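Survey of secondary and tertiary structure
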Amino acid sequence: VQKKVSERVSWAIQGGPRFQSSYGIYSEFITTNVNYKLSKVFTAVGGLSYFHSHPAGKVTVNEIRPWQGLRADFKLHPRILFLNTVRIEERWLIYPTRKDLIYRFRYQTGFDFTFLQNPEKATKTYVPVSLEIFEDLRKKLFISMERIYAGVGYEFKKNRFELYYINQQQRLNTDSRFHVTQNIARARWIYVL
């Protein structure tokens, strides 16, 4: 759910399950964010997320994740938007026997291509593609994970539907290569109040 409060301020809240074909639902999450438009291009962003993970045969983990960042959106063409988001996350991982605090840097860059648009009906079909990198700030210059996103979206009357394929790759240390750890399908329904 998204809501524009004023020309500068908006908020959103989302949630849902995550599941894996081998053992079903393994996590539920809820995340919030607040956006403050600083200029035509730059937006300050921040939020709070909660994850409850219980993969089969593994330890249950609760995660509280405050985060903050900056987004820059550049319109390259009436139908092409160049998106950039940089953010810092404070990940509080709560295990049954211990607690960990991990600081993580994330940077996502990509494009939204609108290829069908009907201004009279306020509908559009678009293709978002992007690359996101994750760096563990406890280690020096260590990009531990990357994601490649490709999707398709359809927007109409205060609603958007999006389907994504996400290729997630990770590595154990700076000397190792990235290898695919997950192929993810993501479906989202966004309702604008």
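An account of the accompanying structure is given in this report.

Rules and cut-offs
- Sequence order as written defines residue numbering, which begins from 1 separately in each chain.
- In keeping with the predicted nature of the model, local features appear solely for residues at pLDDT of at least 70, side-chain atom pairs appear and are counted solely at 80 or more, and the whole-chain, interface and lining totals rest on all residues.
- Only heavy atoms go into the side-chain values, all of them from the structure, while hydrogens and water stay out.
- Strands here mean DSSP runs of E at least two residues long; helices mean DSSP runs of H or I at least four residues long; both are numbered from the N terminus.
- Note on method: radius of gyration uses C-alpha positions; expected globular size equals 2.2 Å times residues raised to 0.38.
- Categorising residues by exposure relies on relative accessible area from a 1.4 Å probe, with only protein chains included: less than 20% of the type maximum marks a residue as buried, more than 50% marks it as exposed, and the intermediate range marks it as partly exposed.
- Note on contacts: a residue pair is in contact if any heavy atoms of the two residues lie within 4.5 Å.
- Computed by Shrake-Rupley with a 1.4 Å probe, the accessible areas treat only the displayed protein chains as cover when residues are assessed.
- Think of it this way: Lys and Arg go in the positive column, Asp and Glu in the negative one, and His and the chain ends go nowhere.
- The atom standing in for a charge is NZ when the residue is Lys, CZ when it is Arg, CG when it is Asp and CD when it is Glu.
- Here is the rule: rings of Phe, Tyr and Trp (six-membered ring for Trp) pair when centre to centre is within 6.5 Å. Planes less than 30 degrees apart are stacked, more than 60 are edge-to-face, and the remainder are tilted.
- Only Lys NZ and Arg CZ are tested; either one counts as a charge over a ring when it is within 6 Å of the ring centre and within 35 degrees of the ring normal.
- What makes two strands pair is DSSP finding at least two bridges between them.
- Lines fitted to C-alpha atoms define the axes here, with helix axes fitted over just the stretch in contact, and angles between the N-to-C directions of these axes take values from 0 to 180 degrees.
- The definition of a polar contact used here is a pair of N or O atoms within 3.5 Å, where within protein one atom must be able to donate a hydrogen and the other to accept one, and adjacent residues in sequence count solely through side-chain atom pairs.
- Here, a salt bridge means any Lys or Arg side-chain nitrogen found within 4 Å of an Asp or Glu carboxyl oxygen.

Once that is clear, we can look at the overall build of the protein. Along the protein, the regular secondary structure elements total zero helices and eleven strands. Taking 2.2 N^0.38 as the reference for a compact globule, 193 residues should give roughly 16 Å; the C-alpha atoms of the protein span a radius of gyration of 18 Å, in line with that estimate. Viewed in the frame of its principal axes, the protein has a C-alpha envelope of about 55 × 35 × 35 Å. Taken across its 193 residues, the protein has 30% of its residues classed as buried. Look at the contacts in the protein between residues 6 or more apart in sequence, and 42% of them connect residues 24 or more apart. Carbon and sulfur atoms make up 61% of the accessible area of the protein, which totals about 12,300 Å². Averaging the positions of the 30 positive and the 16 negative side-chain charges in the protein gives two centres separated by 3 Å.

Summed over all chains, the structure comprises eight aromatic pairs. Ring centres of F82 and F111 lie 5.0 Å apart, and the angle between their planes is 25°; on these two criteria the pair is classed as stacked. With a gap of 29 residues between them, F82 in strand 6 (residues 80–94) and F111 in strand 7 (residues 99–118) connect regions that are remote in the sequence. Relative accessible area serves as the criterion here: at 29%, F111 is assigned to the partly exposed category. In this structure an aromatic cluster arises from ring pairing among F74, F82, F111 and F113. Over the aromatic face of F29 sits the side chain of R18, whose NZ or CZ is 5.0 Å from the ring centroid.

Before going further, it helps to spend a moment on the sheet that holds strand 9 (residues 143–156). Taken together, eleven strands build an open sheet; the order of strands is 1-2-3-4-5-6-7-8-9-10-11 and the sheet is antiparallel. Two strands close off the open sheet at either side, each with one partner strand: strand 1 (2–4) and strand 11 (179–191). Strand-to-strand twist across the sheet, computed as the mean angle between neighbouring axes with direction ignored, equals 20°. With 14 bridges connecting them, strand 7 and strand 8 (residues 123–136) associate as antiparallel partners.

Structurally, F105 can be placed in strand 7. Judged by its relative accessible area of 22%, F105 is partly exposed. With residues up to four places along the chain from it excluded, the contact list for F105 reads V86, R87, I88, I133, F134, E135 and L137.

This part takes up the pairing of strand 9. Every regular strand shows the same layout, with side chains that alternate between the two sheet faces. Pairing between strand 8 and strand 9: ten bridges, direction antiparallel. If you follow T125 over to strand 9, its bridge partner there is Y154. Strand direction decides the pairing type here: strand 9 and strand 10 (residues 159–170), joined by twelve bridges, are antiparallel. Within the sheet, the bridge partner assigned to F156 lies in strand 10 and is N159. Linking two consecutive strands that pair antiparallel, namely strand 9 and strand 10, is a turn of two residues; a positive phi of about 30° is found at K157 within it.

Inspection of the secondary structure assignment puts E63 in strand 5 (residues 61–77). Within polar-contact distance, the side chain of E63 engages the side chain of R91 at 2.7 Å. When neighbours within four sequence positions are excluded, E63 is seen to be in contact with S49, Y50, F51, R91, W92 and L93.

For the coordinates displayed, the defined rule picks out 13 salt bridges. Notably, a salt bridge pairs R160 with E162, separated by 3.7 Å at the nearest N-O pair. Judged on exposure class, the residue R160 and its partner E162 are both buried. One network of salt bridges, in which partners are shared, links E63, R65, R87, E89, R91, R104, R106 and E132.

Another point: the environment of E135. Relative to the helices and strands, E135 resides in strand 8. Taking the relative accessible area as the measure of exposure, E135 reaches 15% and is therefore buried.

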